[in-house]
Amino acid sequence: MKCLSLKEIEIPSSITKIEKNAFNGCSSLSNIKIPSSVTIIEEGAFSGCSSLNQIQIPSSITEIKSNAFSECLSLTYIEIPSSVTKISSGTFCGCTSLNNVTIPSSVNEIESNAFEECNELTEIEIPSSVLMIGSSAFSECSSLLSIQIPPSVTTIENNLFNKCISLIDVFLPNSIIAIKNGAFSNCSSLKEIKLPMHVTIIENGAFNCCSSLTRIEIPSSVEVIGNGVFNGCSSL
């Protein structure tokens, strides 16, 4: 759409779906009201709305699709309604001002790149309902200080916390069996981490360039340690 001068819009109650890229690139849009008649927000619907600083998602919404709010540079807070079960890939990718996110217990999946480059996000609570967190979901969240993975998750996916340069505390449950490629790569503030007792594989570069890492406990359950897992861990 890219209506560059559009600042405010009220969507009528006759609308049930906000279509793909409907307001994509509306860089002056700062205020929008979504009626309770809407059930689906399609791919890229508000992507690139760089002036949008707040938006209320009604409880009627059941699906928020890929990149729906990506590159909303001024967005600081988002509350996902309990009607939503999945945070799609790239939904909030590049929301560089986002510092407060509420994820309800209805969500069972956080897809790849969902919160990538959310630079102001210091913490996020992942509910125990979440079964899977996709690759790079929190990659380059440069202000993220700590993370607790719920016991419902079994795999730390590729590049999940890559370049989370402020990450200090990581709490992994005993349900974790695999730590994949680059999962904690370039976490330069991470000093120590205890791997759960059921981990069987640590893939390539999992802790690459964790330059502050001084201690790591590897359990006897581990069968495979990939290439360059601790490459660049200059304090280890």
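Scroll up for the structure.
Now for a look at the structure at hand. (Residues numbered from 1 in each chain as written. Predicted model: local features only at pLDDT ≥ 70, side-chain atom pairs only at ≥ 80, totals over all residues. Heavy atoms only, no water.)

### Regarding the sheet that holds strand S12 (residues 155–156)
Within a sheet, each strand pairs with its neighbour through backbone hydrogen bonds, oriented either parallel or antiparallel. Pairing in this open sheet of four strands is parallel, and the strands run S12-S14-S16-S18 from one edge to the other. Looking at the sheet topology across the chains shown, the edges are occupied by S12 and strand S18 (224–225). Where strand S14 (residues 178–179) meets strand S16 (residues 201–202), two bridges bridge the pair, whose relative direction is parallel. Looking at the pairing, Ala-178 lines up with Ile-201 of S16. (Pairing = 2+ DSSP bridges. Helix = DSSP H or I, 4+ residues; strand = E, 2+ residues; numbered from the N terminus.)

### Quick word on empty space enclosed by the protein
Applying the stated criterion across every chain, the model contains one cavity of 30 Å³ or more. Its volume calculated, the largest cavity comes out at about 30 Å³. Considering the residues around the largest cavity, the lining is formed by Ile-64, Ile-80, Val-84, Lys-86, Ile-87, Thr-91 and Phe-92. Per-class residue counts for the lining of the largest cavity are five nonpolar, one polar and one charged. (1 Å grid on protein atoms, 1.4 Å probe; cavity = no way out; pocket = protein on both sides within 12 Å on 5 of 7 lines; lining within 4 Å. Points joined across faces, edges and corners; volume = space filled by probe spheres on them. Nonpolar A, V, L, I, M, F, W, Y, C, P; charged D, E, K, R; others polar.)

### Thoughts on the layout of surface pockets
Of the volumes computed, that of the largest pocket is approximately 190 Å³. Lining the largest pocket we find Glu-8, Ile-9, Glu-10, Asn-31, Ile-32, Lys-33, Ile-34, Gln-54, Ile-55 and Gln-56. Breaking the lining of the largest pocket down by element, the ones donating at least two residues are strand S1 (8–10) and strand S3 (31–33).

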